[in-house]
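Overview (structure and organization)
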Amino acid sequence: MSKINILAIESSCDDTSAAIISDGQVLSNCVFSQKIHEKYGGVLPEAASRAHQTSILPIVQEALSVANMELQDLSAIAFTRGPGLLGSLHVGVSFAKGLALSLNLPMIAVHHIKAHVLAHFIEEPKPKFPFLCLTVSGGHTQIVLVKDYLDMEIIGSTIDDAAGEAFDKTAKLLGLPYPGGPLLDKLAQQGQAKYKFTEPQIANYDYSFSGLKTQFMRFLQQESATNPNFVQENMNDICASVQERIVSFLMRKLHKAAKDYKIREIAIAGGVSANSGLRKAIEEYGKRYHWKTYIPKFQYCTDNAAMIAMMAHFLYEKGEFVTQEVQPLARFD
Ligand code: KG4
Ligand code: ZN
């Protein structure tokens, strides 16, 4: 029997990515990370969609070539439908529609955040159901109860900012260039968490990060009033303290959920799962509470089409296809 080969396209934010999956095996995963946003200190939606337009064709060609495949070998075209920036999503969705129409292939629409969770099925070791996944990205912070590949229940989420946003906004307050999260992480590794911040009080498994951001801002204002060079002189320690507070908050709620649901299969996903403090914390909790922990490889933490391809593989098996009428969704519940 011939293999099921799916081309997947991801264009939800500022990374243009394409991947090929063949019978559930990822054969290629090519990513173009847009640099244009550095000079704006954040993602400029208009610039993002323009950059997707110029990079989408070369990225798709590269994904096919790395997988040693031709367009004629494909069985379906998958794409990120949302959530994300509408202009960015439109580029991927339109490209996928055009290609599917010209090749007469079925189309598969993928939910970006669920795909982050399914990144755990790209390679071994794979979590066993049911497992809990802390999904932390630039736009989302959720604790997800994963009952099956396509059966997920959000049991907790942020009521305001996402964890990635908290990292990025704090980095901006510290005068660090975009993208701030990874840089703050790098500096934190050379510092000591000697400044203490209070943890936000919020019920159940939910999160809130906007108060923390205000706390960091006030702290910096107060310290800088007495020493104008405070930030420059203590940058690494400030980063370590901020990171420690965000990570310990994330972990406390995850631990509560694991205890209440009596689940010891614990995963992290999304861009912030690349954070060294979070990766270390999850391993420490794992040892202490006898969790089996799952941390994705760096290339599957931040936005990538391999995870879109993985979810598309499961949707293909269920026969869940979409028509040419499909539209991208900036918000996708
Ligand atoms: O999942 P992702 O690539 O895109 C979204 O779907 O949002 O996540 C991007 C987020 C950004 O906020 C970025 O700063 C954050 O992940 N991030 C990090 C690290 N690497 C990426 N935050 C903290 N430490 C990192 N090492
Ligand atoms: Zn993402």
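Look a little higher up for the structure.
Below: a short report on this structure. (Residues numbered from 1 in each chain as written. Chains lettered and ligands numbered in written order. Predicted model: local features only at pLDDT ≥ 70, side-chain atom pairs only at ≥ 80, totals over all residues. Heavy atoms only, no water.)

Comments concerning the layout of surface pockets
Heads up, the rule is: A pocket here means an open set of points on a 1 Å grid, computed over the protein atoms alone, that has protein on both sides within 12 Å along at least five of seven lines. A cavity is instead a set of points where a 1.4 Å probe fits but cannot get out; residues with an atom within 4 Å of a point line either one. Grid points are joined across faces, edges and corners, and a volume is the space filled by probe spheres set on the points. Numbering of helices and strands runs from the N terminus, with a helix taken as a DSSP run of H or I at least four residues long and a strand as a DSSP run of E at least two residues long. Nonpolar residues are Ala, Val, Leu, Ile, Met, Phe, Trp, Tyr, Cys and Pro. Charged residues are Asp, Glu, Lys and Arg, and all others, Gly as well, are polar.
Volume-wise, the second largest pocket comes out at about 340 Å³. Forming the boundary of the second largest pocket are 15 residues, of which Q243, E244, V247, G277 and K280 lie nearest the centre. At the level of secondary structure, the elements contributing two or more residues to the lining of the second largest pocket comprise helix 7 (230–261) and helix 8 (276–289). The residue makeup of the lining of the second largest pocket, split by class, is seven nonpolar, five polar and three charged.

Considering the pattern of salt bridges
So the rule is basically this: Throughout this description, the term salt bridge denotes a Lys or Arg side-chain nitrogen within 4 Å of a carboxyl oxygen of Asp or Glu. The rule is simple: take the accessible area with a 1.4 Å probe, protein chains only, and divide by the maximum for that residue type; under 20% is buried, over 50% is exposed, in between is partly exposed.
Summed over the entire model, instances satisfying the criterion amount to 12 salt bridges. With a shortest N-O distance of 2.3 Å, E199 and R252 are connected by a salt bridge. Remark: R252 occurs in helix 7 and E199 occurs in the loop between helix 5 (180–188) and helix 6 (210–226); sequence separation between them is 53 residues. The buried category is assigned to E199, whose relative accessible area is 17%.

A few points about the sheet that holds strand 4 (residues 76–82)
Just so we agree on the cut-off: By the convention used here, strands pair only if DSSP detects at least 2 bridges between them. To obtain an axis, a line is fitted to C-alpha atoms, over the contacting stretch when the element is a helix, and the angle between two such axes runs from 0 to 180 degrees between their N-to-C directions.
Reading across from one edge, 3-2-1-4-5 is the order of the five strands in this open sheet, with mixed pairing throughout. With partners counted over all chains shown, the strands left at the sheet margins are strand 3 (25–33) and strand 5 (107–111), one partner each. Sheet twist, expressed as the average angle between the axes of neighbouring strands with direction ignored, equals 20°.

Here we look at helix 5
Rules: The directions from the helix axis to the C-beta atoms are what the arc is built from. Any pair of residues with heavy atoms lying within 4.5 Å of one another is described as a contacting pair.
Within helix 5, burial applies to G180, G181, L184, D185, L187 and A188. Across the axial projection of helix 5, the buried residues extend over an arc of 165°, all falling on one side. Every exposed residue of helix 5 that faces more than 90 degrees away from the buried side is listed here: P182 and K186. Tucked into the core, helix 5 has its buried residues touching helix 4 (163–173), helix 7 and helix 8.

What about the environment of I282?
Relative to the helices and strands, I282 resides in helix 8. I282 sits 31 residues away from M251 along the chain, and the two C-alpha atoms are 7.4 Å apart.

Details of the site of ligand 1
Stated precisely, the cut-off is as follows: Nearness is judged by heavy atoms alone; a residue qualifies as near a molecule or strand once a single heavy atom is within 4 Å of it. Polar contact is defined as a pair of N or O atoms within 3.5 Å, subject to the rule that within protein one atom must be able to donate a hydrogen and the other to accept it, and that residues adjacent in sequence are counted only when both atoms are side-chain atoms.
Looking at ligand 1, there are 18 residues lining it, with G138, D168, D185, G271 and N275 nearest. Separating an oxygen atom of ligand 1 from a backbone N or O atom of G138 is a distance of 2.8 Å. Contact distances for ligand 1 include 2.9 Å between a nitrogen atom and a side-chain N or O atom of N275. Counting only elements with at least two residues in the shell around ligand 1, the list comes to helix 3 (112–118), helix 4 and helix 5. Here the residues of the shell around ligand 1 sort into four nonpolar, 11 polar and three charged.

Notes on the packing of aromatic side chains
Geometrically, a pair of aromatic rings is defined through the distance of the ring centres and the angle of the planes. Our working definition: In this scheme Phe, Tyr and Trp rings, the latter by its six-membered ring, pair at centre separations within 6.5 Å, and the angle between planes marks the pair as stacked below 30 degrees, edge-to-face above 60, and tilted otherwise.
If you walk through the whole model with that rule in mind, you get 20 aromatic pairs. Ring centres of F121 and Y149 lie 5.0 Å apart, and the angle between their planes is 75°; on these two criteria the pair is classed as edge-to-face. Separated by 28 residues along the polypeptide, F121 in the loop between helix 3 and strand 6 (131–136) and Y149 in the loop between strand 7 (141–148) and strand 8 (151–157) bring together distant segments of the chain. Owing to a relative accessible area of 4%, F121 belongs among the buried residues under this scheme. Among the residues examined, Y149 registers a relative accessible area of 30% and is labelled partly exposed. Seen from their ring centres, F129 and Y149 are 5.0 Å apart, and the 90° between their planes marks the pair as edge-to-face. With F129 in the loop between helix 3 and strand 6 and Y149 in the loop between strand 7 and strand 8, the pair connects residues that are 20 residues apart, well separated along the chain. Three or more aromatic residues joined by ring pairs form one cluster here, namely F121, F129, F131, Y149 and F314.

Details of the packing of helix 6 against helix 7
Test applied: Note on angle classes: values under 35 degrees are labelled roughly parallel, values over 145 roughly antiparallel, values of 65 to 115 roughly perpendicular, and the remainder oblique. Less than a right angle of anticlockwise turn of the near helix away from the far helix marks a crossing as left-handed, whereas a clockwise turn marks it as right-handed.
Contact geometry of helix 6 with helix 7 gives a least axis separation of 12 Å together with a crossing angle of 160°. If you check the angle between helix 6 and helix 7, you find them roughly antiparallel. Where helix 6 crosses over helix 7, the handedness of that crossing is right-handed. Between helix 6 and helix 7, the residues in contact are L212, F216, F219, L220, E223 and S224 and F230, V231, I238, V242, R245 and I246, respectively.

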